[in-house]
Structure formats: C-alpha cells, structure tokens
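# Remarks on the overall topology
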Amino acid sequence: MENGKWAYPWPVSSQNLIKKGILLVLLFIGFSYGTHAQGSIGYYPWSGLLSFGTNPQKAIWLDTRVQTNSLFSSLSVDLLPLINLKRGEVAQWYLGGGLRVNPLYRIADPKAKLLTVDGYSINFGVRAAPFAQNRQIQVALEVNPYVKDDFASGVLKSHFGVVYVFRKREKEFNEQN
C-alpha cells in the first residue's frame, strides 16, 4: 500500500481495461447462451452458495453463484464461464475461470466503485447424475484456486452440492402421431 492506495504490478488503467473486457465477455456469453438455455439451479450447503446456470449440456455455459450466509455489504457473486471437457450420460467434467464481484459493497463504503471486483478463480469440477431414473438431479464436486483482486493472497476452495438441470420436455411418440 503506497500513499493510501494499493500498488499494482501494472498501470491501473490497464487493470480497469482488463476488468471491463472480462465483464463484457461474461455478459456476452450470458446473453447469447442464456436466451436459448434450459438452465440449472444448485445449492452448495457447506459453502453457502446458491447457483444459477445456463444449459450445462452446451459446450460453453455460464454459472453464477450467490452467497447465502453473508452480510449484504460483503455479498459476492461469482460469474463463471465454463467449458465442458467431457460429457457422458452419468458424468460431465468441466473447466473454467471465474470473476467474483460485489455489487452491494457500496453499502459499507460509499466511496467504492459501482462494481467491486473481489478476486479471480479457476474452476475444475464434475457433475454426476447417479440416479438412472432421473438424470436431472446431479451431484457437483468442484475444486477452485481463488486469489484476491490484488493477488496478495489466495485459497484453495472446494464445493460439494446438489444441482437440478431443467430440460425441455420431450414429446412422447404417441403425441406426435
């Protein structure tokens, strides 16, 4: 910290440009896939995360996670564009990067930016559908290294939860005739 401001290894204007670029890419992915997606919802009880995602069966999909056990001023939202590495009937392996933002941080600090970036992550996980009679219910296990926005500290996180994938109803053969 120098002169009351955080010191970054690159000019601040470049950092703002990177943040805006990442945000624009995430919004583009979200809108382009979100309009056609069937979607998913999940809960990670030990991490206290509620997850909303686009269609995880697509090659590229977006997952957003909201903390459920936090004060409003420290409420963070994770924006995670993910890429499926391998998809099968029972398991789906994926990898992606993430951006954690805090849209309500201005409650605690009125001088804060409109959208505060808390940190970045790399996500690697698997979703398994253990029930043959209902593949929409899935168990999710994920590992993600996370670093703070100033890259001064980080933590290796893991998430374990339950996900429900919404799918379009298939017409039965009798209804088509």
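What counts, and where the lines are drawn
- Residues numbered from 1 in each chain as written.
- Predicted model: local features only at pLDDT ≥ 70, side-chain atom pairs only at ≥ 80, totals over all residues.
- Heavy atoms only, no water.
- Helix = DSSP H or I, 4+ residues; strand = E, 2+ residues; numbered from the N terminus.
- Buried < 20%, exposed > 50% of the residue type's maximum accessible area, 1.4 Å probe, protein only.
- Contact = heavy atoms within 4.5 Å.
- Core = buried A, V, L, I, M, F, W, Y, C linked by side-chain atoms within 4.5 Å.
- Pairing = 2+ DSSP bridges.
- Patch = residues over 30% accessible without salt bridge, like charges linked within 9 Å, V, L, I, M, F, W, Y side chains within 5 Å.
- Areas by Shrake-Rupley, 256 points an atom, 1.4 Å probe, with all protein chains shown as cover.
- Salt bridge = Lys/Arg side-chain N within 4 Å of Asp/Glu carboxyl O.
- Polar contact = N/O pair within 3.5 Å; in protein donor to acceptor, adjacent residues only side chain to side chain.
- pLDDT = per-residue confidence, 0-100.

Moving on, we get to the overall build of the protein. Scanning the protein from N- to C-terminus turns up 2 helices and 8 strands. Secondary structure elements of the protein, listed N to C terminal, follow the sequence α-β-β-β-β-β-β-β-β-α. Counting across all 177 residues of the protein, residues that qualify as buried make up 35%. Counting contacts in the protein only where the partners sit at least 6 residues apart, residues at least 24 apart contribute 48% of the total.

Attention shifts here to the nonpolar core. Core analysis: the biggest nonpolar cluster contains 6 residues, these being Val77, Leu79, Leu99, Val101, Val117 and Tyr120. Elements represented by at least two residues in this core include exactly strand 4 (77-87), strand 5 (91-102) and strand 6 (116-128). Setting aside chain neighbours within four positions, we find Val101 in contact with Leu75, Ser76, Val77, Leu79, Leu115, Thr116, Val117 and Asp118. Core analysis: the second largest hydrophobic core is formed by 5 residues, Tyr44, Ala140, Val163 and Val165 among them.

With that settled, the discussion passes to the pairing of strand 6. Two faces, one strand: in a regular strand the side chains alternate between the faces of the sheet. Where burial is concerned, most of strand 6 is hidden: 10 out of the 13 residues are buried. Two elements, strand 6 and strand 7 (residues 137-148), share 8 bridges in a ladder whose sense is antiparallel. Paired with Ala128 across the strands is Val139, a residue of strand 7.

Together, Ile60, Ile83, Leu85, Trp93, Leu95, Ile122 and Phe124 make up a nonpolar patch on the protein surface, roughly 620 Å² of accessible area in all. Elements that contribute at least two residues to the nonpolar patch include exactly strand 4, strand 5 and strand 6. Within the secondary structure, Trp93 is located in strand 5.

For the rest of this paragraph, the subject is the pattern of salt bridges. Counting across every chain of the model gives 4 salt bridges. Linking Arg100 and Asp78 is a salt bridge whose minimum nitrogen-to-oxygen distance equals 2.7 Å. On the criterion of sequence distance, the pair formed by Arg100 in strand 5 and Asp78 in strand 4 is long-range, its members being 22 residues apart. With relative accessibility at 10%, the residue Arg100 sits in the buried group. Asp78 sits in the buried class, given a relative accessible area of 10%.

This brings us to the environment of Ser76. Tracing the chain through its elements places Ser76 in the loop between strand 3 (60-67) and strand 4. Residues Ser76 and Asp118, 42 residues apart in the sequence, show an inter-C-alpha distance of 7.8 Å. A polar side-chain atom of Ser76 sits 2.6 Å from a polar atom in the side chain of Asp118.

With that out of the way, let us pick up the confidence of the model for the protein. Averaged over every residue, the pLDDT of the protein is 78; the share at 70 or more is 67%. Within the protein, no element has a lower average pLDDT than helix 2 (residues 173-176), which sits at 45, and none a higher one than strand 4, at 94. Long-range and interchain partners of residues 8-14, a stretch whose pLDDT sits below 50, account for 5 contacts in this model, where long-range means more than four residues apart. In the predicted structure, residues 32-37 sits below a pLDDT of 50 and forms 8 contacts with residues beyond four places in sequence or in another chain.

Turning to the pairing of strand 8 (residues 154-165), a few remarks are in order. When strand 1 (residues 40-44) meets strand 8, the two strands line up antiparallel, connected through 4 bridges. In the sheet register, Ile41 faces strand 8, and the bridge partner there is Tyr164. As paired elements, strand 7 and strand 8 share 11 bridges and run antiparallel to each other. By the bridge assignment for strand 8, Pro145 is matched with Leu156. Count of turn residues in the strand 7/strand 8 antiparallel hairpin: 5 residues, of which Phe151 carries a positive phi of about 60°.

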